[in-house]
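Here's the letter readout for the chains.
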Amino acid sequence: MLKSLINRLRGQVRVRAECAFPERVLNLCGAQDLSFWDLQWESPTAFTCRLSRRDWKTLREAGKKLDCTFDLVGLEGAPYFLVRFRHRQALVLGLVSCALALFLGSFFIWDFQVEGNETVPTERILRALEKNGVGLGTFGLSLDGENIRNHVLLDVPELSWIAVNVSGCRANVQVRERTPPPVMIDRREPCNLVARRAGLVRKVQTIGGVACVVPGSAVTKGQILISGVEDTDTVGARVLAGMGKVEARTWYDLTAAMPLTVLEKQYTGQEKTGVSLIFGSRRIKFFSNSSIDGAEYDKITRRYPLNLLGVPLPVTVVTETRRFYEAVPRTRTAAGAEKAAEAILTAQLHDMVMPHGEVKSTLCSSRQRGDTLIVTLSAECLEEIGETAPIYTEEETD
């Protein structure tokens, strides 16, 4: 494979030799130290083979003394390919300019890849980088990693570390998000632990203060669970921070009204597609913004970044397709409406309960009123219901 590649780069010829005694030609090649390969016999007196350009000239001169005929079958390799362009100077200039542009463009940044972010949006990180001089078309060899890191961390305080590594035309941005510190509880601040909502107490764990409820007791919203006022036998009452955890069974009843007649999209089959090009940060449109007045449509945008031989180019083709539709009334069944409402109410229930506990069981029921279905979701949950409430002393009140 390597020999074949080298021969094609140097240039090779395919020759047909015809002689009454073809062995004389082979003996001549051995005597002149000429290399040949891909020997194929066509007849007892003729064969074809491949030689290098230099050996072909030597064989042609030495073969004049023999009663032999040499025919040039084909020219192969890079030298013969390039000689075709000797009269096409504009094409050669274009190829050289394209190669030079690719070479020089490889030193600039045309693509970004952000890794490590979960809560901080990628767009915010890229805007912070652009603000500090790292954007599309930035010279990659001129970046100061420490200076970029110091300024971007000030603009995006949610990040604790950032690094920009340039590989060709692509900038790999690696970030690490900051872990928020836990909320410190001031144990010297007098407070009570009160019920956030009503429930049936299952477990009481006291860290400070006096427990006012026991497992199995029912509590109402705002009732004191752990008191920060403790009676002593010597100096009377002592005010401190009432802290702990109170786990209780709670119940929820969520209701939603679902109409049985809804508007549904019905596509008309009419579509409009517009194409635009993005060079770096500039956009060139090849279509107008005209559309049907009052018409409703879905806009589908697709981006196709261009690259050449794996090298990303600063050109992106963007297509925008508008699919027009009409809003058509549709009547849905009560079962379908109930299922949709149950999914909505279940998501709302989890948002309310998940920070404090978990949902144990749910029951969905519905009743119809005219063209509306009233859906009720009843749930039993197990959650922590305590929240702190400050105790104000007489001095603080004054």
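Preceding this paragraph is the structure being described.
(A) Structural context of the sheet that holds strand E5 (residues 111-115). Sheet architecture is open: three strands sit in the order E5-E7-E6, paired in mixed fashion. On the outer flanks of this sheet lie E5 and strand E6 (159-167), each paired with one strand and no other. Strand-to-strand, the axes of this sheet are offset by a mean angle of 20°, without reference to chain direction.

(B) Inspection of helix H8 (residues 334-353) at higher detail. With 20 residues, H8 ought to run about 28 Å at 1.5 Å a step, and its terminal C-alpha atoms sit 28 Å apart, in line with that. Buried residues in H8 make contact with strand E15 (243-259), strand E20 (357-369) and strand E21 (372-384).

(C) Structural detail: the packing of helix H6 (residues 122-131) against helix H7 (residues 145-155). The interhelical angle for the contact between H6 and H7, taken along N-to-C directions, is 130°, at an axis separation of 9 Å. By the angle between their directions, the pair H6 and H7 is classed as oblique. In this structure, H6 crosses over H7, and the sense of that crossing is right-handed. Facing Arg 124, Ala 128, Leu 129 and Lys 131 of H6, the residues of H7 in contact are Ile 148, Val 152 and Asp 155. Partitioned by chemical class, the residues of the contact of H6 with H7 number four nonpolar, no polar and three charged.

(D) Up close: the sheet that holds strand E1 (residues 12-19). The antiparallel open sheet is built from four strands, whose spatial order is E2-E3-E1-E4. With partners counted over all chains shown, the strands left at the sheet margins are strand E2 (36-43) and strand E4 (68-76), one partner each. Strand-to-strand twist across the sheet, computed as the mean angle between neighbouring axes with direction ignored, equals 20°. Relative to the sheet, helix H2 (residues 23-31) contacts E1, E2, strand E3 (46-52) and E4, its axis offset from that of E2 by approximately 170°.

(E) Quick look at the pattern of salt bridges. In this structure the tally under the stated criterion is 17 salt bridges. In this structure, Arg 50 and Glu 76 form a salt bridge, with 3.1 Å as the shortest nitrogen-oxygen distance. Of this pair, Arg 50 sits in strand E3 while Glu 76 sits in strand E4, and the two are 26 residues apart along the sequence. Neither Arg 50 nor Glu 76 differs from the other in exposure class; each is buried. Where Arg 330 meets Glu 264, a salt bridge forms, and the shortest distance between an N and an O atom there is 3.1 Å. Here Arg 330 is found in strand E19 (residues 311-331), whereas its partner Glu 264 is found in strand E16 (residues 261-279), with 66 residues between them in sequence. On the accessibility criterion, Glu 264 (38% relative accessible area) is partly exposed. Here the residues in one salt-bridge network are Arg 16, Glu 18, Glu 42 and Asp 71, joined through shared partners.

(F) Spotlight on a nonpolar patch on the surface. A cluster of nonpolar side chains, Leu 100, Phe 103, Leu 104, Phe 107, Phe 139 and Leu 141, forms an exposed patch at the surface whose accessible area comes to about 580 Å². For Phe 107, the location among the structural elements is in the loop between helix H5 (89-105) and E5.

(G) Up close: the packing of aromatic side chains. Overall, the coordinates contain five aromatic pairs when judged by the stated rule. Ring centres of Tyr 267 and Tyr 325 lie 6.0 Å apart, and the angle between their planes is 75°; on these two criteria the pair is classed as edge-to-face. You can see Tyr 267 sitting in strand E16 and its partner Tyr 325 sitting in strand E19, a full 58 residues away along the chain. Positioned above the aromatic ring of Trp 161, the side-chain terminus of Arg 176 is 5.1 Å from the ring centre. Lying across the ring of Tyr 267, Arg 323 places its NZ or CZ 4.2 Å from the centre.

What counts as what
- Residues numbered from 1 in each chain as written.
- Predicted model: local features only at pLDDT ≥ 70, side-chain atom pairs only at ≥ 80, totals over all residues.
- Heavy atoms only, no water.
- Pairing = 2+ DSSP bridges.
- Helix = DSSP H or I, 4+ residues; strand = E, 2+ residues; numbered from the N terminus.
- Axes fitted to C-alpha atoms, helices over the stretch in contact; angles between N-to-C directions.
- Expected span 1.5 Å × (residues − 1).
- Contact = heavy atoms within 4.5 Å.
- Parallel < 35°, antiparallel > 145°, perpendicular 65-115°, else oblique.
- Left-handed = near helix turned anticlockwise from the far one by under 90°.
- Nonpolar A, V, L, I, M, F, W, Y, C, P; charged D, E, K, R; others polar.
- Salt bridge = Lys/Arg side-chain N within 4 Å of Asp/Glu carboxyl O.
- Buried < 20%, exposed > 50% of the residue type's maximum accessible area, 1.4 Å probe, protein only.
- Patch = residues over 30% accessible without salt bridge, like charges linked within 9 Å, V, L, I, M, F, W, Y side chains within 5 Å.
- Areas by Shrake-Rupley, 256 points an atom, 1.4 Å probe, with all protein chains shown as cover.
- Phe/Tyr/Trp six-rings, centres within 6.5 Å; stacked < 30°, edge-to-face > 60°.
- Lys NZ or Arg CZ within 6 Å of the ring centre and 35° of its normal.

Any functional reading would require information that these geometric values do not contain.
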